[in-house]
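# Report on the structure
Listed below are the residues making up each chain.
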Amino acid sequence: MTLSENHGPQLVQVGQINGAQGSIGVIEASRHTGFDAKRLYFIHNIKTDHVRGLHAHKTLKQFLICLTGSVRVKLTNRTGDFEFDLASPAEGILIPPGCWRELSNFSPDALVAVFASEEYDETDYIRDYGEFVEWMKQTEPRPQIAYVNLDRQHDAIGLELERVLERSLHSGAFIGGVAVGAFESAFADYCGTRFAVGCGNGLDALVIALQALGIGAGDDVIVPANSFVASALAVTMVNATPVFADIDPRTYGVTGESVSAVITPRTRAIMPVHLFGIPVDMDEVGAVAAKHGLRIVEDAAQAHGASFRGRTCGSFGDAAGFSFYPTKNLGAIGDGGAIVTGDPDLALKMRMLTNYGSTKKYHHELLGRNSRLDSIQAGVLHAKLRHQAAWTERRCGLAEIYLSSLSNHRSIRLPQVPQDRVPVWHVFPIRVDADRRDQCIAFLNGHGIQTNIHYPVPIHLQPAYASLGHKAGDFPHTELAARELISLPLDAFHTEAELRRIVEVLQTF
Ligand SMILES: *Cc1c(COP(=O)(O)O)cnc(C)c1O
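Notes on the structure follow. (Residues numbered from 1 in each chain as written. Predicted model: local features only at pLDDT ≥ 70, side-chain atom pairs only at ≥ 80, totals over all residues. Heavy atoms only, no water.)

## Topic: the overall build of the chain
Scanning the chain from terminus to terminus reveals 14 helices and 24 strands. The C-alpha radius of gyration of the chain comes to 30 Å, more than 25% above the 23 Å expected for a compact globule of 509 residues. Principal axes of the C-alpha set define a box for the chain whose edges measure 95 × 60 × 40 Å. Residue burial in the chain is summarised as follows: out of 509 residues, 50% are buried. Summarising the internal contacts of the chain: among those between residues at least 6 apart in sequence, 72% fall at separations of at least 24. Carbon and sulfur atoms make up 52% of the accessible area of the chain, which amounts to about 23200 Å² in all. In the chain, which carries 46 positive and 56 negative side-chain charges, the distance between the mean positions of the two groups comes to 3 Å. (Helix = DSSP H or I, 4+ residues; strand = E, 2+ residues; numbered from the N terminus. Rg over C-alpha atoms; globule rule 2.2 N^0.38 Å. Buried < 20%, exposed > 50% of the residue type's maximum accessible area, 1.4 Å probe, protein only. Contact = heavy atoms within 4.5 Å. Areas by Shrake-Rupley, 256 points an atom, 1.4 Å probe, with all protein chains shown as cover. Lys, Arg positive; Asp, Glu negative; His and termini not counted. Charge placed at Lys NZ, Arg CZ, Asp CG, Glu CD.)

Okay, here's the thing in structure tokens:
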């Protein structure tokens, strides 16, 4: 039971156990009040014309019940005015914090009991009505538009998720088992690939893909300078060297040209990242790879369901890594990841690498690791996958609001996605001149709109990669994006009204 100052008081039916010899009323924290009572007041012997209460509490929650006789209870909080006539031990009122109360019309036999969530604290009282009105104004919640709304997503499918958790708990299989296999095969279908192998997280997915392809010490792998650090770290973790490529400033991904520009004699693979859910031109990258005999491992951690020329991201490379970090387009309720591939030998090798290099218990053919998708996450992901098409469509519809309403803005530049790509908008990036970017973010925050920056420091300029010897200016498009980009709120659970409000606020910037 939620009970905050932004809720009205609620009339609660109190359980009654009726027997031949009489009745018992039961009030339980778990079912009726939602709080553990620390105090019980009772009010009785009140003159009929007397009025009691006339105060509010800032944080205290109360449950009020008239056990014998009757009383009138008037309550006011920011959600409205309420009046209750209580005359039965079978119902009580749950009073949220921030309610002014007036108890009147006491019958001579009235016995009113009040359960309180905290012990007596004079500083929690507001005893003056004018002060109460002032307090309500001051604590008025500002409407906030969150960057993501996981709570809304989980509310929308709460019952499904609860069933998943309950089934997992009773299945007895917590690592592996049917739930994992079922999700893997559904996810492979979704990506248009033959195989999906669940693993612990997105970083491991990329590491395992590279390792399964035999990439290691002495090898170079091309990764975009503009990505989450995991893309490069995966290369580092197999003892290969990340070689950075610059991006196309309109789509934020590498291009055939930017990749070709950094090929070395030691280059073994390219890791295109479909950043923000905007697909990379895989024809261009594929042509470069074919020409130089390079492997492709797609980093599709932000691109579940995105497509390029009708083909789904994740199905282009030798293998692709996905992340199911909770805020990703398909997110678990913890960490999770998957590697997809069309190659059965590679799939088997990757599965072994996730599970101690073994297919048969206690027999280890490869030096593997422990990186498995657990059954609860697989069940949650499978349940969410059924909504993924609708959620993706919704993201695209919301993105359309930004794209159509901000296209003529004087100081905002939008991403430009060619017709042959269907993005899934993991992030909706806009650009504002570098010298006004912080001002724009502060302006939005001042209107209760949360934003993000993906990413403020390019990978080649991260201290962790200082040993590669890069300097500012090496990748101009990436570095400009780091200075100009603002990520606007956009997930499947923002409302159109929220997006319109963001647009309205931006129009006045
Ligand atoms: C999130 C992400 C990863 C890593 O995924 P984790 O599950 O957090 O390990 C890798 N690459 C990109 C582009 C990401 O956005």
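Okay, back to it.
## Comments concerning the packing of aromatic side chains
One pass over the full model with this rule turns up 20 aromatic pairs. Between Tyr 120 and Tyr 125, the aromatic rings sit 5.7 Å apart at their centres with planes inclined by 50°, giving tilted as the arrangement. Residue class for Tyr 120 comes out partly exposed when judged on its relative accessible area of 44%. Geometrically, the ring pair formed by Phe 183 and Phe 187 is stacked, given 5.6 Å between the ring centres and 25° between the ring planes. Note that Phe 183 and Phe 187 are positioned in helix 5 (residues 178-191) at a spacing of 4 residues, about one turn of the helix. Accessibility expressed as a relative area gives 1% for Phe 183, which makes it buried. According to the relative accessible area criterion, Phe 187 is buried, its value standing at 0%. Among the aromatic residues, ring-to-ring pairing joins Phe 183, Phe 187, Tyr 190, Phe 322 and Phe 324 into one connected group. Its end group placed over the ring of Tyr 125, Arg 127 keeps NZ or CZ at 4.1 Å from the ring centre. (Phe/Tyr/Trp six-rings, centres within 6.5 Å; stacked < 30°, edge-to-face > 60°. Lys NZ or Arg CZ within 6 Å of the ring centre and 35° of its normal.)

## Here's the deal with the environment of Asp 220
Looking at the element boundaries, Asp 220 is found in strand 14 (residues 220-224). Along the chain, Asp 220 and Phe 276 lie 56 residues apart, while their C-alpha atoms are 25 Å from each other. Aside from chain neighbours lying at most four places away, what touches Asp 220 is Thr 241, Val 243, Thr 264, Arg 266, Thr 267, Arg 268 and Ala 269. A distance of 2.7 Å separates polar atoms of two side chains, one belonging to Asp 220 and the other to Thr 264. (Polar contact = N/O pair within 3.5 Å; in protein donor to acceptor, adjacent residues only side chain to side chain.)

## Some words on the site of the ligand
The ligand sits among Asn 201, Gly 202, Leu 203, Ser 227, Phe 228, Ala 230, Val 273, Asp 299, Ala 301, Gln 302, Ser 323 and Lys 328. The contact in question runs from an oxygen atom of the ligand to an N or O atom on the side chain of Lys 328, over 3.1 Å. Among the residues making up the shell around the ligand, the classes are represented as 5 nonpolar, 5 polar and 2 charged. (Near = heavy atom within 4 Å. Nonpolar A, V, L, I, M, F, W, Y, C, P; charged D, E, K, R; others polar.)

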